[in-house]
Protein chains: 2
Amino acid sequence: MERGYERATIRGIAAGAGVDPALVHHYFGSKDQLLLTALQPAALEAMPQLIAAGTDGLGERVIRATFEVYEGIHPSGWAMLVGLVRSATTHEEAARMLRDAMGSGGLFMLVEALGLPQPRLRVALVASELVGLAMARFVIGIEPIASADVDAIVDWYAPTFQRYLTAPLAGDDPGGGPA
Amino acid sequence: MERGYERATIRGIAAGAGVDPALVHHYFGSKDQLLLTALQPAALEAMPQLIAAGTDGLGERVIRATFEVYEGIHPSGWAMLVGLVRSATTHEEAARMLRDAMGSGGLFMLVEALGLPQPRLRVALVASELVGLAMARFVIGIEPIASADVDAIVDWYAPTFQRYLTAPLAGDDPGGGPA
């Protein structure tokens, strides 16, 4: 967080924690993997409340929780996500980690816990929306998305998230949950 | 198209066209700029029909036209877009080009020609959606988006494009067009 994602090193993080860099490599692997592990507790912490609040207004709550996880708890959290997406554009290993994180991450837990049909498709669509938002806001700098406040982002994007999370969607996966 | 975006060079393109590479640099600048210029006629060609068909079902038509422009007319078109987005993650020059293309490109023309309010915001939201779709499908490889056929992509994404293009949106820009 102090140095930003690009400039942070496993060696520097290990020095800050007073441990051998080899230990960090052993337990966390790459810098990308360390980031995902660091973000996980914050993401999981938000889950019980999101699950308890049900599907009405879920899209808005997921966006706000995402901003809280990425910006509130980790000031450079979005920069780290963008770093990971940037890695994914050139390293298959980072792309695979992003895919794995989607399959086992908080978002998938949320969709499953709410009994929503086609959980894999919903997580994929929400993930593509989040990546598009992060690229527009933090990488390409598309206005007015880049400098809008979070309330405006919520107004624009929440209905999209709501539909991807809860509406009936075409596809083979049999339905059955709330729509 | 023969070599893919990453492996194509200005020198090779100039050799294929039988001209001096300096001439290509002079008229088109970078490889990214050359790509945008090459895609432009196809994008502009799709415009009159899109404009004439009006706002009902516009979201679906924009997605299909995008796939036609990127895949039909240019077989490696999406790879080129992804290459440009990849450049944008590390080069501010490529990010600036993407922003400029949005401000003056076919999508902006379309939104303006249809008299839709807040054209800049609509183009930004559609662009973020397209970037997220391209990243999910071609870079990160998020299933089922990565291997779905175009009809499934249209089913999932068209309502989002439709809302970003035509629905009332929060923001300062005064309304007035169709909603």
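Residues numbered from 1 in each chain as written. Chains lettered and ligands numbered in written order. Predicted model: local features only at pLDDT ≥ 70, side-chain atom pairs only at ≥ 80, totals over all residues. Heavy atoms only, no water.

(A) Local environment of helix 3 (residues 31–45) of chain B. Taking 1.5 Å of rise per residue, the 15 residues of helix 3 of chain B would be expected to cover 21 Å, and the 22 Å separating its terminal C-alpha atoms lies within 8% of that figure. Of all the residues in helix 3 of chain B, the buried ones are Asp32, Leu34, Leu35, Leu39 and Ala42 of chain B. (Helix = DSSP H or I, 4+ residues; strand = E, 2+ residues; numbered from the N terminus. Expected span 1.5 Å × (residues − 1). Buried < 20%, exposed > 50% of the residue type's maximum accessible area, 1.4 Å probe, protein only.)

(B) Seen up close, the interface of chain B and chain A. Facing the 37 residues of chain B at the interface are 37 residues of chain A. Both sides together, the interface formed by chain B and chain A hides about 3,100 Å², and carbon and sulfur atoms give 67% of it. Per-residue buried area on chain B facing chain A is highest for Thr89, Ile140 and Trp156 of chain B; these three make up 21% of the total on that side. The interface formed by chain B and chain A contains 14 residue pairs in polar contact (both at pLDDT 80 or more). Taken together, the elements giving at least two residues each to the side of chain B that touches chain A come down to helix 6 (77–90), helix 7 (92–104), helix 9 (119–140) and helix 10 (150–166) of chain B. Per element, the largest residue contribution to the side of chain B that touches chain A is 14 residues, and it comes from helix 9 of chain B. Split by residue class, the side of chain B that touches chain A holds 24 nonpolar, six polar and seven charged. (Contact = heavy atoms within 4.5 Å. Buried area = accessible area lost by both parts, 1.4 Å probe. Polar contact = N/O pair within 3.5 Å; in protein donor to acceptor, adjacent residues only side chain to side chain. Nonpolar A, V, L, I, M, F, W, Y, C, P; charged D, E, K, R; others polar.)

(C) Local environment of unusual backbone geometry. Residue and element names in this part refer to chain A. Following Glu143, the chain continues to Pro144 via a peptide bond in cis, the omega torsion being 5 degrees. Summarising the element assignment, Pro144 is placed in the loop between helix 9 (119–139) and helix 10 (150–166). The backbone of Gln118 sits at a positive phi, close to 50 degrees, despite the residue not being glycine. Tracing the chain through its elements places Gln118 in the loop between helix 8 (106–113) and helix 9. The exposure class assigned to Gln118 is buried, which follows from its relative accessible area of 4%.

(D) View of the pattern of salt bridges. Applying the stated criterion across every chain, the model contains eight salt bridges over all chains. The residue Arg64 of chain A makes a salt bridge to Asp151 of chain A at a minimum N-O spacing of 3.0 Å. Residue Arg64 of chain A is found in helix 5 (residues 58–73), and its partner Asp151 of chain A is found in helix 10; the two are separated by 87 residues along the sequence. Classification of Arg64 of chain A as partly exposed rests on a relative accessible area of 28%. When its relative accessible area of 46% is taken as the criterion, Asp151 of chain A is described as partly exposed. The shortest N-O distance in the salt bridge between Arg99 of chain B and Glu92 of chain B comes to 2.7 Å. On the accessibility criterion, Arg99 of chain B (27% relative accessible area) is partly exposed. One network of salt bridges, with partners in common, ties together Glu60, Arg64 and Asp151 of chain A. (Salt bridge = Lys/Arg side-chain N within 4 Å of Asp/Glu carboxyl O.)

(E) Local environment of the nonpolar core. Grouped together as the largest cluster of nonpolar side chains are 113 residues, with contacts concentrated most on Trp156 and Tyr157 of chain A together with Trp156 and Tyr157 of chain B. Counting residues per element, this core draws most heavily on helix 9 of chain B, at 14 residues. Leave out the neighbours within four places in its chain, and Trp156 of chain B touches Leu121, Leu125, Arg163, Tyr164, Leu169 and Ala170 of chain A together with Pro144, Ile145 and Ala148 of chain B. (Core = buried A, V, L, I, M, F, W, Y, C linked by side-chain atoms within 4.5 Å.)

(F) Quick look at the environment of Gly54 of chain B. Residue and element names in this part refer to chain B. Here Gly54 is to be found in the loop between helix 4 (47–52) and helix 5 (58–73). Linking Gly54 and Ser30, residues 24 residues apart in sequence, is a C-alpha distance of 36 Å. Discounting residues that sit within four places of it in the chain, Gly54 has contacts with Arg61 and Leu114.

(G) How the structure looks around the side chain of Ser128 of chain B. Examined against the element boundaries, Ser128 of chain B turns out to sit in helix 9. Here Tyr157 of chain A takes part through its side chain, which lies 2.7 Å from a polar atom of the side chain of Ser128 of chain B. Filtering out sequence-adjacent residues up to four positions away, Ser128 of chain B remains in contact with Gly132, Leu133, Ala136, Ile145 and Tyr157 of chain A.

(H) Looking closely at the side chain of Glu129 of chain A. Structurally, Glu129 of chain A can be placed in helix 9. Of the buried charged residues, Glu129 of chain A lacks a salt bridge, with Arg163 of chain B as the closest side chain of opposite charge at 7.0 Å. Leaving out residues up to four positions away in the same chain, Glu129 of chain A has contacts with Tyr157, Thr160, Phe161 and Tyr164 of chain A together with Glu129 and Tyr164 of chain B. (Lys, Arg positive; Asp, Glu negative; His and termini not counted.)

(I) Spotlight on the packing of aromatic side chains. The tally for this structure, following the rule as stated, stands at two aromatic pairs over all chains. On the numbers, 6.0 Å between centres and 70 degrees between planes, the contact of Tyr157 of chain A with Tyr164 of chain B is edge-to-face. Here Tyr164 of chain B lies in helix 10 and Tyr157 of chain A lies in helix 10, a pairing that spans two chains. Its relative accessible area of 0% is what places Tyr164 of chain B among the buried residues. (Phe/Tyr/Trp six-rings, centres within 6.5 Å; stacked < 30°, edge-to-face > 60°.)

(J) The arrangement of the relation of the copies chain B and chain A in detail. In screw terms, the move from chain B to chain A is a rotation of 180 degrees and a rise of 0.0 Å along the axis, fitting with an RMSD of 0.0 Å. One copy is carried onto the other by what is essentially a two-fold rotation axis. Identified as the residue of chain B closest to the rotation axis by C-alpha distance is Gly132 of chain B, at 1.8 Å. Of the interface residues in chain B, 100% have counterparts in chain A that sit at the interface too, so the contact is made through matching surfaces. (Least-squares fit on C-alpha atoms with pLDDT ≥ 70 in both.)

(K) Quick look at a nonpolar patch on the surface. Residue and element names in this part refer to chain A. A grouping of Val19, Leu23, Tyr27 and Phe28 is seen on the molecular surface, where their side chains present a nonpolar patch of about 380 Å² in accessible area. The topology assignment puts Val19 in the loop between helix 1 (10–17) and helix 2 (21–28). A residue is classified by how much of its surface remains accessible, and Val19, at 32% relative accessible area, is partly exposed. (Patch = residues over 30% accessible without salt bridge, like charges linked within 9 Å, V, L, I, M, F, W, Y side chains within 5 Å. Areas by Shrake-Rupley, 256 points an atom, 1.4 Å probe, with all protein chains shown as cover.)

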